[in-house]
Amino acid sequence: SSCDQPIFRVLMVGAHGVGKTALVQQFMTSEYMGALDTSFDDDSERTVSVLIDGEETMIDIYDIPPDKDYKRYDNVDAYVIVYSITDRSSFNHGVDILEEIMCDTERHPAIILVANKSDLLRSRQITNDEGRELCVKKDCKYIEVSAVLNHKVDDLLVGIVSQIRLHPHRI
Ligand code: GDP
């Protein structure tokens, strides 16, 4: 039964205003999104089931409030590090988080770097290549999306779950 299934912890991290909340809202409308556990009143944590290739994966998505440090969350299975392509400081902040997470060699969580706001092309400060090359160097997954246009957000959700399945340290 689903009670025996592990629930994987997914943490949305990144600077304030990069679109973490907007992304989680779009996840909820995805065709891959299954049952939503509404027993939490806390909007920053949701347990959901994601159905991909006939396989169900249970995840807890934590959208961290700006006043909370991501390091306070432990046993994280996947970090979704979000920055805005229009904001160089949010990219630098994302890189700092990426390096901090990778310094912890005890666990090997999935890491996905997300370049958000791809619709704001004219205000772009970080190229697609810059994000991609960083991830080649750091060996993590990279994706450029637009939460507002819901562009590639489904791919991101599938990517998160695939990365979790590739890092089966909890199973
Ligand atoms: P958070 O602080 O990381 O949770 O960021 P929010 O999800 O609250 O988004 C901050 C602001 O950026 C809001 O005004 C959003 O509407 C806007 N935003 C989020 N994602 C996008 C996007 O993909 N494109 C554009 N143009 N704006 C976005």
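Now for a look at the structure at hand.

Conventions we followed
- Residues numbered from 1 in each chain as written.
- Predicted model: local features only at pLDDT ≥ 70, side-chain atom pairs only at ≥ 80, totals over all residues.
- Near = placed C-beta within 6 Å.
- Helix = DSSP H or I, 4+ residues; strand = E, 2+ residues; numbered from the N terminus.
- Nonpolar A, V, L, I, M, F, W, Y, C, P; charged D, E, K, R; others polar.
- Expected span 1.5 Å × (residues − 1).
- Buried ≥ 20, exposed ≤ 12 C-beta atoms within 10 Å, placed from the backbone.
- Arc of directions from axis to C-beta.
- Core = buried A, V, L, I, M, F, W, Y, C linked by C-beta atoms within 7 Å.
- Contact = placed C-beta atoms within 7 Å.
- Pairing = 2+ DSSP bridges.

## Focus on the site of the ligand
Near the ligand you find 14 residues, and of these Gly-19, Lys-20, Thr-21, Ala-22 and Ala-147 are the closest. With 3 residues, helix 1 (residues 20-28) is the largest single contributor of residues to the shell around the ligand. In terms of residue class, the shell around the ligand is built from 5 nonpolar, 6 polar and 3 charged.

## Section: helix 2 (residues 88-103)
Across its 16 residues, helix 2 extends 23 Å between first and last C-alpha, which sits within 8% of the 22 Å expected from 1.5 Å per residue. Those residues of helix 2 lying buried are Ser-90, Phe-91, Gly-94, Ile-97, Leu-98 and Ile-101. Looking straight down helix 2, one finds its buried side chains confined to an arc of 120 degrees; they lie on one side. The outward face of helix 2, more than 90 degrees from its buried face, is lined by the exposed residues Arg-88, Ser-89, Asp-96, Glu-99 and Cys-103.

## Focus: the nonpolar core
Counting 42 residues, the largest nonpolar core has Ala-78, Val-80, Ile-81 and Val-114 as the members making the most contacts within it. Listing elements by their share of this core, those giving two or more residues are strand 1 (7-14), helix 1, strand 3 (45-52), strand 4 (55-63), strand 5 (78-84), helix 2, strand 6 (110-116) and helix 4 (153-166). Look past the residues within four positions of Ala-78 in its chain and what remains in contact with it is Phe-8, Val-10, Pro-109, Ala-110, Ile-112, Ile-160, Gln-163 and Ile-164.

## Quick word on helix 1
For helix 1, the full list of buried residues reads Lys-20, Leu-23, Val-24, Gln-26 and Phe-27. Projection of helix 1 onto a plane perpendicular to its axis shows the buried side chains occupying an angular sector of 160 degrees, all on one side.

## Some words on the pairing of strand 4
Two faces belong to every sheet, and in a regular strand the side chains alternate between them. One ladder, built from 6 bridges, connects strand 1 with strand 4; its direction is parallel. Residue pairing for strand 4: Leu-11 is matched across the bridge by Tyr-62. Relative to strand 4, strand 3 is paired through 8 bridges, and the arrangement is antiparallel. Bridge pairing in strand 4 links Val-50 to Thr-57. Between the antiparallel neighbours strand 3 and strand 4 lie 2 residues, among them Asp-53 with a positive phi of about 55 degrees.

## Details of the environment of Gly-94
You can see Gly-94 is positioned in helix 2. According to the C-beta neighbour criterion, Gly-94 is buried, with 25 such atoms within 10 Å. Linking Gly-94 and Leu-149, residues 55 residues apart in sequence, is a C-alpha distance of 22 Å. Excluding residues within four positions of it along the chain, Gly-94 makes contact with Gly-14, Ile-81, Tyr-83 and Leu-113.

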